[in-house]
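# Fold and geometry: a report
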Amino acid sequence: MNTFERIYEVVRQIPYGNVATYGQIAQLAGNRRLARVVGYALHVNPDPDNIPCYRVVNRFGEVSDAFAFGGGNRQTELLKSEGIEFDADGRVDLNRYQWNRRAL
């Protein structure tokens, strides 16, 4: 399994109503230093219906303005549709919504 496939496998596991960070996905996929690679992989997501890349946010709980499937506003809409709330600064409360999975 290549790096992108490992990343997609982890992202598929993020539960409805939860988010994960790029760094968290990188660590769970086998190399915590590949957070940027996670971003690249999600940008070219071959199956957005089954790989919920919109559930991945940065380490501050911010969505990506470069979200490949409709921009940051679309990512925010998708997260809100799952009941995820944003603070006044547009950030997800990671203490409340971050997926707590630590290892595969």
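What comes next is a walk through the structure. (Residues numbered from 1 in each chain as written. Predicted model: local features only at pLDDT ≥ 70, side-chain atom pairs only at ≥ 80, totals over all residues. Heavy atoms only, no water.)

It is worth spelling out helix α3 (residues 35-43) at this point. Within α3, the full set of buried residues consists of V38, A41 and L42. Relative to the axis of α3, the buried residues are bounded by an arc of 95° and lie together on one face. Seen from the buried face of α3, the exposed residues on the opposite side, beyond 90 degrees, are R36 and Y40. Where α3 is buried, its residues contact α1 (3-12), α2 (22-28) and β2 (56-57). (Buried < 20%, exposed > 50% of the residue type's maximum accessible area, 1.4 Å probe, protein only. Helix = DSSP H or I, 4+ residues; strand = E, 2+ residues; numbered from the N terminus. Arc of directions from axis to C-beta. Contact = heavy atoms within 4.5 Å.)

Our focus in this paragraph is the packing of α1 against α3. Orientation of α1 relative to α3, taken along the N-to-C sense of each, is 80°, at an axis distance of 10 Å. Between α1 and α3, the crossing angle belongs to the class labelled roughly perpendicular. Along the contact surface, α1 presents T3, F4, I7, Y8 and V11, while α3 presents V37, V38, Y40, A41 and L42. Looking at the contact of α1 with α3, its residues break down into nine nonpolar, one polar and no charged. (Axes fitted to C-alpha atoms, helices over the stretch in contact; angles between N-to-C directions. Parallel < 35°, antiparallel > 145°, perpendicular 65-115°, else oblique. Nonpolar A, V, L, I, M, F, W, Y, C, P; charged D, E, K, R; others polar.)

Of all hydrophobic cores here, the largest spans 17 residues; its most connected members are I7, V11, I14, I25, L42 and W99. If you list the elements that add at least two residues to this core, you get α1, α2 and α3. It is α1 that contributes the most residues to this core, four residues altogether. In this structure V11 touches I25, L42, I51, P52, C53 and V56, once residues within four positions along its chain are discounted. Membership of the second largest hydrophobic core comes to 11 residues, among which are V19, V63, L79 and V92. (Core = buried A, V, L, I, M, F, W, Y, C linked by side-chain atoms within 4.5 Å.)

Glancing now at the side chain of R55. Structurally, R55 is set in the loop between α3 and β2. If we skip the residues at most four places from it in the chain, R55 touches I14, P15, Y16, N18, V19, A20, L79 and E82.

We now examine the pattern of salt bridges. Here the idea is simple: oppositely charged side chains can pair when their charged atoms come close. What the rule picks out here adds up to five salt bridges. One salt bridge connects E82 with R55, and the closest N-O pair in it is separated by 2.7 Å. Placement of the pair is E82 in the loop between α4 (71-81) and α5 (94-97) and R55 in the loop between α3 and β2, with a sequence separation of 27 residues. Across this residue pair, the class does not change: E82 and R55 are buried. As a salt-bridge pair, R91 and E62 come within 3.0 Å of each other at their nearest N and O atoms. You can see R91 sitting in the loop between α4 and α5 and its partner E62 sitting in the loop between β2 and α4, a full 29 residues away along the chain. (Salt bridge = Lys/Arg side-chain N within 4 Å of Asp/Glu carboxyl O.)

To continue, consider the environment of V10. Looking at the secondary structure, you find V10 in helix α1. Since its relative accessible area comes to 0%, V10 is described here as buried. Sequence spacing of V10 and P52 is 42 residues, and the spatial spacing of their C-alpha atoms is 10 Å.

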